[in-house]
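The residues making up each chain are set out below.
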Amino acid sequence: QVQLVQSGGGLVQAGGSLRLSCAASGFTFSTYAMGWFRQAPGKEREFVATISPSGSTTYYADSVKGRFTISRDNAKNTMYLQMNSLKSEDTAVYYCAARFFTGRGTMRAEYEYKYWGQGTQVTVSP
């Protein structure tokens, strides 16, 4: 019943931009914090960005701060990740995730998230 369906991945050149989308269904989207994680080959999955249920609070990994923007549209049950100034090291499978907001935790830890999207490949060529 719960689904997080991702779209928007693809191949871009370094310095380019890409916008990822995550469409949610089967739960009350507006009560969940949402996040983006990524996993490069041979590496552990890492935190990228997160946004509070209302969109009022965001956090970013240092590696993407100033280049990526997380946002959400609760009326559309959709979360976005706008990625600008892309670098080769941004190449990874990107996952969206949802966590019921309890007022506890950091919103940045993988174990805090309950629902996960299928992942989408982002490849940045030099």
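What counts, and at which threshold
- Residue numbers restart at each chain and count upward from 1, following the sequence in its written direction.
- Local features in this predicted model are restricted to residues whose pLDDT is 70 or higher, and side-chain atom pairs enter the listing and the counts only when it is 80 or higher, whereas totals over whole chains, interfaces and linings include all residues.
- Side-chain measures here rest on the full set of heavy atoms in the structure, leaving out hydrogens and waters.
- What makes a nonpolar core is a set of buried Ala, Val, Leu, Ile, Met, Phe, Trp, Tyr and Cys residues whose side-chain atoms join them at distances within 4.5 Å.
- Relative accessibility thresholds used throughout: buried, under 20% of the residue-type maximum; exposed, over 50%; partly exposed, between the two (1.4 Å probe, protein chains only).
- In this text, helices come from DSSP runs of H or I with a minimum length of four residues, and strands from runs of E with a minimum of two, each type numbered from the N-terminal end.
- Only heavy atoms matter for contacts: two residues are in contact if any of them lie within 4.5 Å across the pair.
- The criterion for strand pairing is that DSSP finds at least two bridges linking the strands in question.

Participant: What is the right way to look at the nonpolar core in this model?
Facilitator: Among soluble globular proteins, nonpolar side chains are generally buried collectively. Among the nonpolar cores identified, the biggest contains 37 residues, and Leu4, Trp36, Met79, Leu81, Met83 and Tyr94 are the most heavily contacted of them. Residue assignment for this core shows that the elements contributing at least two residues are β3 (18-25), β4 (32-39), β5 (46-51), β7 (68-73), β8 (78-83), β9 (92-100) and β11 (120-125). Apart from residues lying up to four places away in sequence, Leu4 is in contact with Cys22, Ala23, Ala24, Phe27, Met34, Cys96, Ala97, Ala98, Tyr115, Trp116, Gly117 and Gln118.

Participant: Please explain the pairing of β9 as it appears in this structure.
Facilitator: Sheet faces and side chains relate simply in a regular strand, where the side chains alternate between the two faces. Extensive coverage of β9 is indicated by the burial of seven of its nine residues. Looking at chain direction, β4 and β9 are connected through eight bridges and run antiparallel. When the sheet's bridge partners are listed, Gln39 is paired in β9 with Val93. Two strands pair when backbone bridges link them, and β9 and β11 are joined in this way by three bridges, in the antiparallel orientation. Counted as the bridge partner of Val93 is Gln121 from β11. Here β9 pairs with strand β10 (residues 115-116) via two bridges, running antiparallel.

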